[in-house]
Amino acid sequence: HRSCQRQRRQRRHQKMTTTTSAMYHEEYAPPWRPLLVLVFPILPIFWTYRVTITETKLTFGYSHAYSEIERTDILSVETVDHVNGLADWGGWGIRYNLKWEMGYIAKNGSAVRMEVKQGDDYDDVVDGNNTKIYVFNCDEAARVCSI
């Protein structure tokens, strides 16, 4: 019992130390997490949603399914006032919309739309310009865009 408590304290401390070097960090359980009990094997993948910005990287997504972007690869960002997971993306989680934008949709609400340059192995479906569009939820979209 005491070893479990010690491990929890160590994980909390580790989480706090990694968070303190971040310029921005938010983390929460997706509101639809209880529904994942019905498909138990994927529950750990979507357990927590987070957005973290450091000096060099932007990371967003779920516990074991996330994207990590070098900040130097970001071409443009803009705020999206309201994303409706069901109407705009056909649901919540990791989704593609009809424009082939990749969405990390954790909840309805504000989001960031970001264009990122990709390596030579990626060829954009629409215009062949080696970019990819991500849309991801965050509570402070304007702040994230300004960092």
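See above for the structure.
Residues numbered from 1 in each chain as written. Predicted model: local features only at pLDDT ≥ 70, side-chain atom pairs only at ≥ 80, totals over all residues. Heavy atoms only, no water.

(A) Molecular detail of the sheet that holds strand E4 (residues 65–70). Judged by pairing direction, the sheet is antiparallel, and its 4 strands sit side by side in the order E1-E2-E3-E4 without closing on themselves. Looking at strand neighbours, the two that pair on one side only are strand E1 (24–28) and E4, the edges of this open sheet. Strand-to-strand, the axes of this sheet are offset by a mean angle of 5°, without reference to chain direction. Where E1 meets strand E2 (residues 49–53), 5 bridges bridge the pair, whose relative direction is antiparallel. Considered in E2, the bridge of Glu-26 is made with Val-51. (Pairing = 2+ DSSP bridges. Helix = DSSP H or I, 4+ residues; strand = E, 2+ residues; numbered from the N terminus. Axes fitted to C-alpha atoms, helices over the stretch in contact; angles between N-to-C directions.)

(B) Quick look at the sheet that holds strand E8 (residues 109–117). The sheet built from 5 strands is open, its strands ordered E5-E8-E9-E7-E6 with mixed pairing. Every other strand in the sheet has two partners, leaving strand E5 (74–83) and strand E6 (93–96) as the edge strands with one partner each. Sheet twist, expressed as the average angle between the axes of neighbouring strands with direction ignored, equals 20°. Note: E6 against strand E7 (residues 102–105), 4 bridges, orientation antiparallel. Its bridge partner lying in E7, Tyr-96 is registered against Met-102.

(C) The arrangement of the pairing of E7 in detail. Where burial is concerned, the two faces of E7 agree: the one with Met-102 and Tyr-104 and the one with Gly-103 and Ile-105 are both buried. A loop of 5 residues connects E6 with E7, the two strands running antiparallel in sequence, and Trp-100 in this loop sits at a positive phi of about 65°. Relative to strand E9 (residues 131–137), E7 is paired through 3 bridges, and the arrangement is parallel. By the bridge assignment for E9, Met-102 is matched with Tyr-134. (Buried < 20%, exposed > 50% of the residue type's maximum accessible area, 1.4 Å probe, protein only.)

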